[in-house]
Amino acid sequence: MSKGTYYITTPIYYPSSNLHIGHTYCTVMADAMARFKRLQGYDVMFLTGTDEHGQKIQKVAAERGITPIQHVDEIVGGIKELWKTMEISYDDFIRTTEERHIKRVQALFMKMYEKGDIYKGEYEGWYCTPCEAFWTETQAAEGKCPDCGRPVEKARESAYFFRLSKYQDALIELFESNPEFLQPDSRRNEMLSFARQGLSDLCISRSSFDWGIPVPVEEGHVIYVWLDALSNYITALGYPDEPEKYDKYWPADVHLVGKEIVRFHSIIWPAMLMSAELPLPKKVLGHGWILLEGGKMSKSRGNVVDPVKLIERYGVDALKYFLLREYTFGQDGLYTNEVMLNRMNFDLANDLGNLVSRTVSMIEKYNGGIVPPAGPEEGPDAELKELALAAAGKVEAHMDKFSFSLALEEIWILIRRTNKYIDETAPWALAKDEASRDRLMTVLHNLAESLRMVSVLLFPFMKTTSGKIRKQLGLWFAEPEWADLKAFDVMNGEEVKKGEAIFPRLDVEAELAALEALNAPAEPEKEYPPIKDEIEYDDFAKLDLRVGEILSCEKHPKADKLLVLQVKMGNEVRQIVSGIAEHFKPEETVGKKVVIVANLKPRMLRGQESKGMILFADNGDSLAFVSTDAADGETVS
Ligand code: MSP
């Protein structure tokens, strides 16, 4: 029986370039929560997607010399691939360039327009292109974006405005009367004081570029990208024309967002919904950032951590575990390879990996691979059982607060306690004495039970690992259910089978070196001069290019930069003066076969005649010969 619906969203990502580990953080949390709620019996809707319009995307595409849609199609393909690799269980992926989204954003705009909340005016302000955000004079103090610190540009145009100011009091009332709406408290206080300072109306259209959703009431304007993007949370549900899912799932239970976009989600989005007379989301949760030692991750600064490289090396679950365990929701945290590797080694290889391999080995060794039934309770049994039976409730309580780290810690308390149980009961000693056989069987049973509980508890966070454990425990036939955590003594007769180590131990020093090499910032992309204007074939055909062999070469007597070369070209030897003295010594040129522009009008260069020109490859700093093996005199065409 379904416990009801649960609708969770991630931000929709800008497909300006590939995503880094910071972006995956939010999606990994949302995925864990979606799986957790499904496991508990909720009917879950988990939405993610991409935010594809706006000036920034148009700019990036133009720089790449392709159309915006070509650009976003390519990047979005990569993002979907990444989520597949990371086993992200989203139920829908919305792209803001999809027709279903476009028409519904326009419908929402019309609803707000007809309400009288959208009017035409003149916009002048500061615009931050990378953030797609307008700022007032005070906000953009010193000409810098208050979010990202990059320079803002003055923008002025006739534009449509949303009467955000009209909703100021309602928003203040929302924050004050419903503290749960926006969490953590620090963000709520921040937004409350932001709203109390006074909200100006918001410019919601642009006419200086066209990569966006057309404003339905006037040609030549596109809808502000944030209005477009925020609407995704309801357009994906079919609002307003196919309301079945909308009616079922809206309002969202939670919008998970990064701290810098809390303002859009807790002020602009609720105001839009109030204007359209739609219910507000139940909760907006702002998480912190994953930072590098040098500060924020940024593709342009070349300091990003690529999740794909980490997954290739350590597997998806190790990365997910690290992200969920290491960082405290709502706070910023530092990423270092060392912290990650230590987590993988201590928690995964040592604690969990050892428990699985010891439990399965001992059941194989001492009972032919069959899980024995429960036996009389003794010694530490009661404590182990109690802990295992209490785990579900504790994990639930932490998950209610989005404390992923504490939820996992709770599971690890059980894992560590079970390892300690092995040491306390010493099955290898029991196995030596036939009289202890019953006790040995009880111990093996309890170990298998505890590990079964762990496999259920881990399922939302590390699905594949949970599956591997269950397979080794002979539980491959059943998907775990939350209700499985209600009883302890249920296993009896399952056939265990040892598999590969679920998390092999890592050599931290060696891995650190390998990661250093992998994540070394890529060389900045070299810039090449643009291709010159097109020419007709006839223009090209006028050139007479020939192969020549340099017979001798000496310095120009009157010019330091010039060399004077004697070049054999078939039956002729001609003199060519070339400005290459800074790049080659005369003797380095002798014997080289080169390409010559043979019909270039002869010129006198500081008293020496030059008949033709030798071609070189030029990288801006140095020259290289364009050499050939062909015989001198042959034509090049
Ligand atoms: N397109 C907007 C969101 C529109 S939602 C209606 C956007 N996109 S984004 O790609 O720039 O960022 C998406 C999310 O990634 C944000 O929530 C942001 O906080 C998060 N992160 C980007 N870098 C991050 C870290 N280094 N660490 C944690 N989260 C980070 O904003």
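Residues numbered from 1 in each chain as written. Predicted model: local features only at pLDDT ≥ 70, side-chain atom pairs only at ≥ 80, totals over all residues. Heavy atoms only, no water.

**Student:** Account for the overall build of the protein chain, with residues named and values stated.
**Tutor:** Within the protein chain one finds 21 helices and 24 strands. The C-alpha radius of gyration computed for the protein chain amounts to 34 Å, which surpasses the reference 26 Å derived for 637 residues by more than 25%, pointing to a less compact arrangement than a globule. Across its three principal directions, the C-alpha atoms of the protein chain cover 110 × 75 × 40 Å. In the protein chain, the share of contacts with a sequence separation of at least 24, taken over all contacts with a separation of at least 6, comes to 74%. Side-chain charges of the protein chain comprise 76 positive and 99 negative groups, with the mean position of each set lying 2 Å from the other. (Helix = DSSP H or I, 4+ residues; strand = E, 2+ residues; numbered from the N terminus. Rg over C-alpha atoms; globule rule 2.2 N^0.38 Å. Contact = heavy atoms within 4.5 Å. Lys, Arg positive; Asp, Glu negative; His and termini not counted. Charge placed at Lys NZ, Arg CZ, Asp CG, Glu CD.)

**Student:** Kindly report on the sheet that holds strand β11 (residues 254-258), identifying the contributing residues and their values.
**Tutor:** Spatially, β3-β2-β1-β11-β12-β7 is the arrangement adopted by the six strands of the open sheet, whose pairing is parallel. Each edge of the sheet is formed by a strand with only one pairing partner; in this case those strands are β3 (92-95) and β7 (182-183). The sheet contact formed by strand β1 (residues 5-13) and β11 spans two bridges and is parallel. Each bridged residue has a counterpart across the sheet, and for I8 the counterpart in β11 is V254. Strand contacts of helix α3 (residues 68-85): β1, β2 (43-50) and β3, with the helix running at about 160° to β3, the strand carrying the most contacts. (Pairing = 2+ DSSP bridges. Axes fitted to C-alpha atoms, helices over the stretch in contact; angles between N-to-C directions.)

**Student:** Would you mind going over helix α6 (residues 185-196) in detail, with residue names and values included?
**Tutor:** Here α6 spans 16 Å end to end across twelve residues, near enough to the 16 Å set by a 1.5 Å rise per residue. Every buried residue of α6 is listed here: R187, R188, M191, L192 and A195. On an axial view of α6, the arc spanned by its buried residues comes to 135°, and they lie on one face. In the core, the buried residues of α6 are packed alongside α5 (168-177), β7 and α10 (262-275). Of the residues one or two after α6, G198 is the one with positive phi, at around 110°. (Expected span 1.5 Å × (residues − 1). Buried < 20%, exposed > 50% of the residue type's maximum accessible area, 1.4 Å probe, protein only. Arc of directions from axis to C-beta.)

**Student:** Give a detailed account of unusual backbone geometry, specifying residues and quantitative values.
**Tutor:** The residue after Q183, namely P184, is reached through a cis peptide bond having omega -5°. As for its position among the elements, P184 is in the loop between β7 and α6. Of the consecutive residues Y239 and P240, the connecting peptide bond is found in the cis state with omega at 0°. The phi angle at R606 is positive, at roughly 45°, despite the residue not being glycine. R606 gets classed as exposed once you look at its relative accessible area, which sits at 52%.

**Student:** Summarise the pattern of salt bridges; cite the residues concerned and give the values.
**Tutor:** Side chains bearing opposite charge may pair, as long as their charged atoms lie close to each other. With the rule as written, the count across this model stands at 40 salt bridges. The salt bridge partner of D351 is R416, with a shortest N-O separation of 3.1 Å. With D351 in helix α13 (residues 337-367) and R416 in helix α15 (residues 404-425), this residue pair connects regions lying 65 residues apart in the sequence. You can call D351 buried: its relative accessible area is 15%. One salt bridge in this structure joins D539 and K542, with 3.9 Å as the shortest N-O distance. (Salt bridge = Lys/Arg side-chain N within 4 Å of Asp/Glu carboxyl O.)

**Student:** Account for the packing of α13 against helix α17 (residues 437-458), naming residues and giving values.
**Tutor:** At a closest axis distance of 10 Å, the pairing of α13 and α17 adopts a crossing angle of 145°. The crossing of α13 and α17 is left-handed. Every residue of α17 that contacts α13 at L352, L355, V356, T359, M362, I363, Y366 and N367 is listed here: R437, L440, M441, L444, L447, A448, L451, V454 and L458. A class-by-class count of the residues in the contact of α13 with α17 yields 14 nonpolar, two polar and one charged. (Left-handed = near helix turned anticlockwise from the far one by under 90°. Nonpolar A, V, L, I, M, F, W, Y, C, P; charged D, E, K, R; others polar.)

No statement about biological role is implied by the geometric values presented.
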